[in-house]
Amino acid sequence: MPNAAPTLRLEGVAKSFGPVAALRSGTLVVRAGSIHALVGENGAGKSTLVKIVGGVHRRDAGIVELDGEPVDFAGPAEAKAAGVAVIHQEPASFPDLTVTENIFLGREPLGRFRRIDRRAMREGARDLFRELGVDLDPDRPAEGLSIADQQIVEIAKAISLDARLLVMDEPTAALSAVEVRRLFAVARGLRDAGRAVVFISHRLDEVADLCDTVTVMRDGEHVSTDTVTDVTPDELVRRMVGRDVAELYPKMPSTPGEVALRVEGLESTGTFHDVSFEVRAGEIVGLAGLVGAGRSEIARAVFGIDRYDAGRVAVGGRTLRPGDPAAAIAAGLALVPEDRRLQGLVTESSVARNVSAVARKRLARLGILLPDVEARLARDWSGRLAVKAGALDALATTMSGGNQQKVVLAKWLATGPKVLMVDEPTRGIDVGTKAEVHRLLSTLAAEGLAVLMISSELPEVLGMADRVLVVREGRIVSELSRAEATPEAVMRAATPGAARSDTATEGAA
Amino acid sequence: MRNVLRRREAGIALALLVVIGVTTAVQPGFLLSAGGWRDLLLTPAILVVLAVGQAVVVITRNVDLSVGSVLGLTAYLTGRLFMAAPDLPIIVVALVAVAAGALLGLINGSIVAFARVPALVITLGTLYVYRGVTLTWAGSDRIDAGDMPRTFLGLGTRQVLGIPVLTIVAAIVLVAVGYYMYTSRGGRQLYAIGSDPDAAALQGLPVRRRLLWAFALNGALAGLAGVMFAARYGTVSSGAGTGMELQVVGAVVVGGVAIFGGSGTVAGAALGAMLLLTINRALPVVGIPDFWQRAVVGALIIGAIALDRVLANRRSRRLAAARDAAPPGAPPGAPPGSVPPGAGPDDREEATA
Amino acid sequence: MRTHARPWWQRALLTREMLTILILVVAWIVASAVVQGFDGPLTITYLVLDVAPVLLIALPMTLIIATGEIDLSVASVVGLSSVTFGLLYQAGLGLWAALLVSVLLGAVCGAVNGALVAYAGLPSLAVTIGSLALYRGLAVGLLGTTAVTGFPGSWTDGATENLGESPYPVITLGLLALIAVFAVLLHATPFGRNVLDIGRSSEAARFSGVDVKRTLLILFVLSGAVSALAGVYYTLRYGSARGDNATGMELQVVAAVLLGGVSIFGGRGAIHGVVAGVLLIGVLGSALRLEGVTVNVINIVIGTALVVSVVAPRIAGGLRVRRRSAVGQRT
């Protein structure tokens, strides 16, 4: 029925956080009985759009309609009540409650005297897990679940809502091949039952496999909407990036020098096992893998944020004391962490204080630190990296993601590191700045810096890395040279249970 | 059965039995006399009621330090009501005091929930404000036994079937609140809020309403404790309940309610209250001057939260090790890459679509 | 790029701290005009003597709250140090030695708090509520309800006498010196920057190589030592060492620090604001006392001030945010 109102219609939806426009003009039309893909690079505004649909954020402008009725959710509860189920990118579970309680929280089946019917609830959870084909104890606490299992719980929760619109924000980023297939089966079931599904993924093969319509977003704006069969993956990538791919990944050739970082037999119970690798001066090594595979955890342990149970880390031949970031910094290690706003920056501090945060000890004279010394260092480095800010005392929280990332990079480059580890270096930043960051990394490597790059964006890893290490379930399972590193090879190595996978991977760019 | 014994509550009950056993061995009258048995049950009654209310608040990852002052104010209010209207039925007076307590709790809760500021600081402030109100109202006046009806005072000491009335009241409160926390949606949401407040908001739980309700309930129970205090001791000065917040918080954390919220039970808090006061009464018996009581309370609080941390660390290590044993994605028994039964048809359907 | 977005006078005057200072000045002027005998030299002397312990403890407390933690055990450390000082004196130890041992004991008390908070990772609120009871319990346990008196006049006078003919007590010099030390520590050293960073985002500070645990330990040790020093002063000032000395003083300290513009969530605060906050509470207290108002009412005032000083910035902040999003709504 092409004339019926679509289940979900967004037009010109905008949302800003302070001066940062996360979504400029979100437009999306999803019809009942269809699975609609929403694709775009990190920072294209997909997650913000999802959060507006799910009632987490309130839009600044634009139209949102459900089945033709205009809606304006004041909170997630209202969205839920209106029949919208959302699987958010970061699962938010309650560690102290059981898995079952997490799924049914707030809508537990009631027995006599409005008493929670625990037996019915547990049966409900069992049924959901059976449908999803997973073996999860419904009575265990949510604490200590792996990311993949947390994601399963989120999915079970969303399905149990029996909503008219199901939005899934990168639900497969942490899942094994088997689980992905199960999830797709469930999504198709919902589609055939006349529900609408929005599916966000980085993996274009999944989009081709599952969805019927695809909408591309870039820099917070709608770019195009097509039937999946009408558009090639290469064309999708071109639209997502908005420019020539070579321009976005300006990798310069470089000759690897001495070993700068050596990691031997690193071991952490429940997180990663027997991790050994080295990074040479002048080399960019990519660390690829699924979300939750343990890549960030390895970087954190190497840097000394987390302790490890066994193994050794050496920078420039010097063994580092475990669990001591200050020692790692002194040896020439730098880490641009995964979560910029929580770990990379003190967002409530000024640009000047952030840039000088690591170097400040060195800047003090007789123990006294003067503001103009800080300002001089900050002006120097923010100039070199072309940071755009009103003034040096502007708070980092008022800056765009791209400029924030430049501040983080400036902070670490000001320490003169030998080894730079970057975790998701371009997550949530605009395409222009993205190219700038890539050019910077490439230049630094050419000048002899050793770079370890963690990224969930396959094109970024393949475009930038001289060598790719693939992490699966906490182990380095494969090492690929730049020539060998095709999307298929990386995904095959990264996905548990994909050894004889028959899913199409050719679509990934 | 093993699970029951493993629970934190079982450990506290055991500690309680040990304390009673040791003290009784030193002085048999501690338990094996009419007065000893009565004191054992009666002394903790008021603190149990306070601890049950506080546990509800602490489970939401908050705290209410003003309960001692609320108790003082409502105890004094109880006495003044009897003085003003001696013919008022006891139940009416009690309800007024409980309502007054609920109102004071609601004030705390509104400030915490609406201004989203730490409950610790707010209730530290209202601790002094509420106490100041009592002090100003009472001045150097005191409510004496003669000011209150004899039937009311009788409740403080009377026993039914060998169990003091106040203990029965405390037990009813414990069962009612415990039932609510375990079997109702609202109760489970309180746990969820304490477990992760941000996730609770993201889930669309009515966080604000639940917090208001938790603080009001706690205030109401503190009001009830005030009535019990008046009945039990017969005299109420403006300083009644001073410093009690420490004992209450102590009882709650000793009883295994995590100060970070989200876990613990009201039964544990009640056991913690009994343990704390029984130790206090046992100290002089075993020859330690009661000046040291406060130090013991402090050491118990610190010991209890340290113990909880140790247990939590061990649990998270165990869970991490369990992750290694059963990697995600592969259901036990299924060889890697195999397609579980039932997945096939959908895949075929997709292949032709 | 410009170093500052606003001219210097705006940066200096339009601050939360200046608001407290302004209120202090107004309170002083009003009290001088309205309250009989407020402006006299004796009032100033007593004001300084009375606020001295609170002021001392407020200095390290500022840094602790700036990291987002809290130390509620300070008043109990005052009591414990008072008892220790008294007992050691009674036992025949020299007063300097007694002072040194008391302050060391305070540092140990602080180290226990700090180790539990920083290294065991326990919440400072719960730990210091426990040690509030523990340290007070030790003080009361050691001395019971008795008191040690009879300290030599040279020492008790030293705690109260004035600088020459001025209305300012000798201890003013010591207070000013400590204020200066803490101001430099917080505002002009890498350590102070780390303290504020921890308060704003302890996670980000850790990722910048700040040793968060050691920093917290140092702060709690400082807090314990300074509280113990305040305990010795308190003992000499009133000539009596008692287990219940300074009961409840933690409230005044926390209230003063928050009134002085330090955020209870950590990350912002300045020493000059805190000094103004302490003085504000002192001025209100002595003015009300001179007016014959009872200590109960003063406690109501302090308690209310504490609540207001925490809630007011949240409401103001909330209004600002709402105004901003309302602007966004229109565009």
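So, how was this worked out
- Residues numbered from 1 in each chain as written.
- Chains lettered and ligands numbered in written order.
- Predicted model: local features only at pLDDT ≥ 70, side-chain atom pairs only at ≥ 80, totals over all residues.
- Heavy atoms only, no water.
- Contact = heavy atoms within 4.5 Å.
- Buried area = accessible area lost by both parts, 1.4 Å probe.
- Salt bridge = Lys/Arg side-chain N within 4 Å of Asp/Glu carboxyl O.
- Polar contact = N/O pair within 3.5 Å; in protein donor to acceptor, adjacent residues only side chain to side chain.
- Helix = DSSP H or I, 4+ residues; strand = E, 2+ residues; numbered from the N terminus.
- Nonpolar A, V, L, I, M, F, W, Y, C, P; charged D, E, K, R; others polar.
- Axes fitted to C-alpha atoms, helices over the stretch in contact; angles between N-to-C directions.
- Left-handed = near helix turned anticlockwise from the far one by under 90°.
- Pairing = 2+ DSSP bridges.
- Expected span 1.5 Å × (residues − 1).
- Buried < 20%, exposed > 50% of the residue type's maximum accessible area, 1.4 Å probe, protein only.
- Arc of directions from axis to C-beta.
- Core = buried A, V, L, I, M, F, W, Y, C linked by side-chain atoms within 4.5 Å.
- pLDDT = per-residue confidence, 0-100.

**Describing the interface of chain A and chain B**
Move 1: Tallying the contact residues gives 50 residues for chain A and 43 residues for chain B.
Move 2: Across the chain A to chain B interface the summed buried area is about 4,000 Å²; carbon plus sulfur atoms make up 52%.
Move 3: Linking chain A to chain B there are three salt bridges.
Move 4: For R315 of chain B, the salt bridge goes to E143 of chain A, with nearest N and O atoms at 3.1 Å.
Move 5: Counting every contact that joins chain A to chain B gives seven residue pairs in polar contact (both at pLDDT 80 or more).
Move 6: Every element with two or more residues in the side of chain A that touches chain B is listed here: α2 (76-81), α5 (147-160), α6 (177-192) and α7 (204-210) of chain A.
Move 7: If you tally residues by element for the side of chain A that touches chain B, the top one is α6 of chain A, at eight residues.
Move 8: Partitioning the side of chain A that touches chain B into residue classes produces 16 nonpolar, twelve polar and 22 charged.

**Some thoughts on the packing of helix α5 (residues 95-119) of chain C against helix α11 (residues 212-238) of chain C**
Residues and elements named next belong to chain C.
Move 1: Contact geometry for α5 and α11: axes closest at 7 Å, N-to-C directions at 150°. The two elements α5 and α11 meet at a crossing, and its hand is right-handed.
Move 2: Of the residues that constitute the contact of α5 with α11, the class distribution is 16 nonpolar, six polar and two charged.

**Notes on the sheet that holds strand β16 (residues 333-336) of chain A**
All names here are of chain A.
Move 1: Here we have six strands laid out as an open sheet, ordered β16-β17-β18-β13-β19-β20, and mixed in their pairing. The outermost strands of the open sheet, each flanked by one partner alone, are β16 and β20 (475-481). If you compare each strand with its neighbour and ignore which way they point, the axes differ by 20° on average.
Move 2: Here strand β17 (residues 419-423) pairs with strand β18 (residues 450-454) via five bridges, running parallel. Within β18, the residue paired with V419 across the bridge is A450.
Move 3: Sheet strands in contact with helix α10 (residues 295-303) are β13 (284-289), β16, β17, β18 and β19 (467-472), and its direction is about 145° off that of β16.
Move 4: Strand contacts of helix α16 (residues 401-413): β16 and β17, with the helix running at about 170° to β16, the strand carrying the most contacts.

**Regarding helix α2 (residues 8-26) of chain B**
All names here are of chain B.
Move 1: Relative to the 27 Å expected for 19 residues at 1.5 Å per residue, α2 spans 28 Å between its end C-alpha atoms, a close match to the ideal helical length.
Move 2: Buried within α2 are the following residues: R8, E9, I12, L16, V19, I20, T23 and T24. Around the axis of α2, the buried residues are gathered within 145° of arc, so they sit on the same side. Set apart from the buried face of α2 by more than 90 degrees, the exposed residues are L14, L17 and A25.

**Some thoughts on the pattern of salt bridges**
Residue and element names in this part refer to chain A.
Move 1: Throughout the structure, instances matching the rule amount to 43 salt bridges over all chains.
Move 2: For R188, the salt bridge goes to D209, with nearest N and O atoms at 3.7 Å. Of the two residues, R188 is situated in helix α6 and D209 in helix α7; the sequence distance between them amounts to 21 residues.
Move 3: Note on D209: relative accessible area 25%, which makes it partly exposed.
Move 4: Note that R467 is salt-bridged to E283, the shortest N-O span being 2.7 Å. Of this pair, R467 sits in strand β19 while E283 sits in the loop between β12 (272-280) and β13; the two residues are 184 residues apart in sequence, bridging distant segments of the chain. Each member of the pair, R467 as well as E283, is classed as buried.
Move 5: One salt-bridge network, held together by shared partners, links D226, E235, R238 and R239.

**Quick word on the nonpolar core**
Move 1: Ranked by size, the top nonpolar core spans 214 residues in total, and within it L50 and V177 of chain B together with L72 of chain C carry the most contacts.
Move 2: Counting residues per element, this core draws most heavily on helix α3 (residues 41-66) of chain C, which supplies 16 residues.
Move 3: In contact with L50 of chain B, other than residues within four places in its own chain, are V67, L71, N218, A222, A225, M244 and V248 of chain B.

**Digging into the confidence of the model for chain C**
All names here are of chain C.
Move 1: Confidence in the prediction of chain C, expressed as mean pLDDT, is 89, and 95% of residues score 70 or more.
Move 2: When mean pLDDT is compared element by element in chain C, α11 scores highest at 97, while helix α14 (residues 295-330) scores lowest at 67.
Move 3: Of the regions scoring below 50 in pLDDT, residues 322-331 engages in four contacts with residues more than four places distant in sequence or in other chains.

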